[in-house]
Amino acid sequence: MNSRSRTFTSNVCGLMLAALVTAASVTPALAAVTNKYTFNDGTANDSVGTAHATLFGTNGSITGGQLVLANVNEGSGNPGAAGAYLDFPNHTIRNAAISGTPGAVSVEMWITVLQHHDWAAAFTAGTNNGNEDQSTGGPDNPYIQIIPRTGDGGLGNDFRVTANSYGGEEGFIDDSTDLMIGVKEHIVAVFEQSGGLPGMVKTYRNG
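Residues numbered from 1 in each chain as written. Predicted model: local features only at pLDDT ≥ 70, side-chain atom pairs only at ≥ 80, totals over all residues. Heavy atoms only, no water.

K.L.:
How should I be thinking about the packing of aromatic side chains in this particular structure?
P.N.:
The relative placement of two aromatic rings is captured by the distance of their centres and the angle of their planes. Enumeration according to the criterion identifies two aromatic pairs in this entry. Seen in terms of ring centroids, Y37 and F88 are 4.7 Å apart; in terms of plane orientation they differ by 50°. Their pairing is tilted. You can see Y37 sitting in strand β3 (residues 33-37) and its partner F88 sitting in strand β7 (residues 85-88), a full 51 residues away along the chain. As far as burial versus exposure is concerned, Y37 and F88 are alike and both buried. Centre to centre, the rings of F56 and Y85 are 5.3 Å apart; their planes meet at 20°, and the pair counts as stacked. One end of the pair, F56, is in strand β4 (residues 54-56); the other, Y85, is in strand β7, with 29 residues separating them in the sequence. With a relative accessible area of 3%, Y85 lands in the buried category. Sitting above the plane of the F172 ring, R160 keeps its charged end 3.7 Å from the centroid. (Phe/Tyr/Trp six-rings, centres within 6.5 Å; stacked < 30°, edge-to-face > 60°. Helix = DSSP H or I, 4+ residues; strand = E, 2+ residues; numbered from the N terminus. Buried < 20%, exposed > 50% of the residue type's maximum accessible area, 1.4 Å probe, protein only. Lys NZ or Arg CZ within 6 Å of the ring centre and 35° of its normal.)

Below, the structure written as structure tokens:
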């Protein structure tokens with residue numbers, strides 16, 4: 001995956017992440033934590049590896065062991081005072097996925113949503129049609145995303161974990177409800193392709 005990983009892509013109005021962990025394998029005996037962001041020291045530094053992140057947007061902050069993104073319906077291409085996101089170095093997810101059990105990676109986070117905006121991603125990594133520093137997307141681009149609330153409306157506005165590949169069809173898992181407002185939730189998204197294509201996506205929500 002060629003472009004950046006981040007904890008915000010567009011239109012998230014309020015988001016707090018207490019910690020984010022990227023592991024290399026879903027097999028317990030072979031799993032290895034490759035990147036970890038606790039925010040406990042007031043920075044977005046990687047406490048396990050060297051993939052230190054950068055906070056963009058003046059209304060984002062790291063305080064009390066949390067990343068706070070107080071966004072007001074603004075995209076990642078123009079963070080300014082209305083939007084904020086945490087930007088990880090290029091290839092962070094790819095490098096995690098080729099270590100441990102190659103092709104398997106987990107993304108773990110504790111997240112509190114303060115206000116929903118449809119299709120706003122809490123985490124995304126991959127390539128996109130808009131190149132660097134733009135929201136990941138496009139029908140033929142590889143990406144993975146964690147979305148607190150979809151835009152399905154009458155279909156339930158589910159919480160979604162999704163993955164896409166070059167020329168492939170998007171695969172996703174929908175939970176029956178979107179993430180709860182004002183409640184810290186624990187999310188683990190597992191992307192498993194070590195057995196070949198198309199692979200599997202697994203999601204664990206609050207255990």
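K.L.:
Honestly, the pattern of salt bridges in this entry has me stumped. Any pointers?
P.N.:
It is possible for side chains bearing opposite charge to pair when their charged atoms get close. In the structure shown here, the tally under the stated rule is five salt bridges. D118 is paired through a salt bridge with R149; the nearest N and O atoms lie 2.7 Å apart. In this pair, D118 sits in the loop between β8 (104-115) and β9 (123-126) while R149 sits in the loop between β10 (143-147) and β11 (160-164), placing the two residues 31 residues apart along the sequence. D118 sits in the partly exposed class, given a relative accessible area of 40%. Here the residues in one salt-bridge network are D118, R149 and D178, joined through shared partners. (Salt bridge = Lys/Arg side-chain N within 4 Å of Asp/Glu carboxyl O.)

K.L.:
Would you explain the nonpolar core in this entry?
P.N.:
Generally speaking, nonpolar side chains in soluble globular proteins are found buried as a group. Counting 31 residues, the largest nonpolar core has M109, F123, I146 and F191 as the members making the most contacts within it. Looking at this core, the elements that each hand over two or more residues are β6 (66-69), β7, α1 (92-97), β8, β9, β10, β11 and β13 (184-192). Per-element tally for this core: the top contributor is β8, with five residues. (Core = buried A, V, L, I, M, F, W, Y, C linked by side-chain atoms within 4.5 Å.)

K.L.:
When you look at the pairing of β9 in this model, what are you seeing that I'm missing?
P.N.:
Regular strands have side chains that alternate between both faces of the sheet. The side-chain alternation of β9 yields two buried faces, one formed by F123 and A125 and the other by T124 and G126. Here β9 pairs with β10 via four bridges, running antiparallel. Bridge assignment links F123 to a residue of β10, and that residue is I146. (Pairing = 2+ DSSP bridges.)

K.L.:
For this particular structure, what's the right way to read the environment of A122?
P.N.:
Here A122 shows up in the loop between β8 and β9. Between the C-alpha atoms of A122 and P148, which are 26 residues apart in sequence, the distance is 6.6 Å.

K.L.:
Honestly, the side chain of Q145 in this entry has me stumped. Any pointers?
P.N.:
Locating Q145 in the fold gives a position in strand β10. There is a polar contact of 3.3 Å between the side chain of Q145 and the side chain of T124. (Polar contact = N/O pair within 3.5 Å; in protein donor to acceptor, adjacent residues only side chain to side chain.)

The quantities given are spatial measurements derived from coordinates; they are silent on function.
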